[in-house]
Every structure is written in structure tokens, then in C-alpha cells.
Amino acid sequence: MTQPRSRMLRRLGARATAPELMDDLAQGGAELREAHRHLRRLNLLFAASGRTLYGVVRLWALAGRPRRLTVLDIGAGSGDVNAALLRWADARGVAIHITLADRSEEACAEAAALYAGEPRVTVVRRDLFALGEAAADIVTASQFVHHFHDDALPEVVRAMLRASRRGIVIQDIHRHWLAWSAVWLAARLISGNRFVVNDGPLSVAKGFRAADWERLRLHLDERGLAYSWRPLFRYVVTVPKTSGSDSGSVSATDAGNGAGISGGAGGGTGEGIGEGTASRTGAGIGAGAGAGAGSGAGTSGGNGSTEREAPT
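In this text, all values refer to a predicted model and were calculated from it rather than measured experimentally.

### Focus: the packing of helix α2 (residues 30-45) against helix α5 (residues 105-114)
Following both chains from N to C, one finds α2 and α5 inclined at 55°, their axes separated by 8 Å at the closest point. Compared by their axis directions, α2 and α5 come out oblique. Considering only the axes of α2 and α5, their crossing is right-handed. Here L32, R33, H36, R37 and R40 of α2 lie close against α5, whose contacting residues are E106, A107, A109, E110, A113 and L114. Of the residues contributing to the contact of α2 with α5, the split by class is 5 nonpolar, 1 polar and 5 charged.

In C-alpha cells, the structure reads:
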């Protein structure tokens, strides 16, 4: 057991760079739609929705707990993690509207089917780098940014900040051998779909550690960037929108769904807004990561970050 674990630790020492099958838009169709349905099982198993909710609630509180809130989830896949936001809004009496954006036709079709009849959810086919400025109060990315190499991450965060009015929430996977092992096993027991079996463990290998977030914050010079390790093997990163953010000048008004986002009927797919979108965005939502290890002790990081000690 010691030797295989040593090899795994060496493999996970740095972020993997191999492309995921879902990043290839030529590989679509019924099998990819099935993969999005199966990823919902993994997200449920590893409690992914609670991590996104944690970050959104943090920014909502920093913004003064407004009674109206718009959220844009980029690289949303079928958008299942956002169901927790709808339940939270109901409990708090917050008028919320969520836009699910993905560049994959199959992901948008699954999201539209999942939220059919829900007027507070709009589905659009859109690329991250084609988002309108100040498109929503909060822009979220759930298990999405690991699709990008380190040198592209600052541009990804800046694009998210430009599209937000109040800030951004990134929820992604902690790169750890326990998480990798759990996802490798769960993908085979729960799914068997080739996208899930390949991309699930690879998503963990492309995930993050605290040092990765520290490097990103230094590169961006974003003192407000805060990251927190959450069970099960997730990081939640929040960046409140400030005048110092490298994101252009935006207003802080609550204006419907915001610029550049279709306000069509809930569950429907927005038309006519995906033309000429860039092809750099990673596809859909990655497989969830996690394992049944306990939480570590709480500590505070420097420069405004907050972090719980994660297993190494």
C-alpha cells in the first residue's frame, strides 16, 4: 500500500494538464447528456451544492443582505448545484434569479430539462469570455476553473469579475489522493459512462491546493481573494467586487438578469447570444471530489485569506 500511495502523491504533486473528454466539443450527443445526468449523482454524493451556497451566502452578507439577487453560473453543466440556492432564497425571502451558462449544447439541454417550469432559472449557451459586463450580481463557477492551465487562471478570474457586480464564487476540487481514490471508485460504481470514468479522477488531478490559490492571488494582486477548505475535499474561493478589482468599471444596480444575458422563460435556452464565442472555456461541470475524511482544525491565512487546514 505504501508504494502505490507514494506514486499517487508524486502524481498529484502538481496540477495535471491533460485535457478532459468534456473539453472536446466534437464529442457530444446522447452519451454526453447521460454524463451530465450521472455527474449529478456524484455532486449529490459529495455534497457539492453546499460549497457553492457557502460562497454565495458569504458575498450576499458582505453586500448587506439584499432582498433581490441575480446569480450567473458559468460552465454550469446541468446546473444541479444551484437547486440549493433556490431553497435558500425561499427560506430567506430573497427574490433570486439564476442564469445557467455553458458552451455545450448537451449541458444546456440537460439544464433546461432539469429546471423546466422554474421561472427563476434561465439557461443560455454562452462562453465565459463572451459574457457581458456586470451581467449578474454574483458570478459562480462550480468545478469549472480546474479545466484551465495555471497561466490562464488570472484571465478566467478577471472575466468573471467583469461579469459580476458584487463579486465571484469559485468552488473547486482539492487535489488529494483520498479525493482521487474516492472519485475513481464512485465513477465506476455510480456511472460507467466513459466521460465520467475518465474526467472524474482527472478533475481531481487537475484540482488545487492552498499554494495554488496563494499564487493566483499574488498574480492578480487581489487582497480580497479569500479561500476556504470545506468538506468534502473542496475549496471555496470568494472575491468581493471592489473598485480595486482588475475588472473594469461597473454599476452596482440590481437590473434584472444584467447585460448580455437573455431573460427568457425559466428553464428555456436563450437564443442568439452564443454567436462567435471563444473556444477557450472548459466544458461543463467537472465531477465532484471528496472522501469521508474528517475536517481539519480551523486556521487563518495571511493577506485576507481564510483557510481550514486540509489533509495533505
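There is more to say, and it comes next.
### Thoughts on a nonpolar patch on the surface
On the surface, a cluster of nonpolar side chains totalling about 320 Å² of accessible area is made up of W184, L185 and L189. Along the chain, the position of W184 falls in helix α7 (residues 177-190). On the basis of relative accessibility, which here comes to 36%, the residue W184 falls in the partly exposed class.

### Let's talk about the pairing of strand β5 (residues 164-173)
The buried fraction of β5 amounts to 10 of the 10 residues, a majority that puts the element mostly inside the structure. When strand β4 (residues 136-142) meets β5, the two strands line up parallel, connected through 6 bridges. Within β5, the position partnered with V139 by the bridge is I168. Chirality of the crossover, the property in question, places the unit of β4, helix α6 (residues 153-163) and β5 among those that are right-handed. Taken together, the 7 bridges between β5 and strand β7 (residues 234-240) define a ladder with antiparallel strand orientation. Paired with I173 across the bridge in β7 is R234.

What counts and how
Residues numbered from 1 in each chain as written. Predicted model: local features only at pLDDT ≥ 70, side-chain atom pairs only at ≥ 80, totals over all residues. Heavy atoms only, no water. Axes fitted to C-alpha atoms, helices over the stretch in contact; angles between N-to-C directions. Helix = DSSP H or I, 4+ residues; strand = E, 2+ residues; numbered from the N terminus. Parallel < 35°, antiparallel > 145°, perpendicular 65-115°, else oblique. Left-handed = near helix turned anticlockwise from the far one by under 90°. Contact = heavy atoms within 4.5 Å. Nonpolar A, V, L, I, M, F, W, Y, C, P; charged D, E, K, R; others polar. Patch = residues over 30% accessible without salt bridge, like charges linked within 9 Å, V, L, I, M, F, W, Y side chains within 5 Å. Areas by Shrake-Rupley, 256 points an atom, 1.4 Å probe, with all protein chains shown as cover. Salt bridge = Lys/Arg side-chain N within 4 Å of Asp/Glu carboxyl O. Buried < 20%, exposed > 50% of the residue type's maximum accessible area, 1.4 Å probe, protein only. Pairing = 2+ DSSP bridges. Right-handed = clockwise from strand over helix to strand, strands pointing away.

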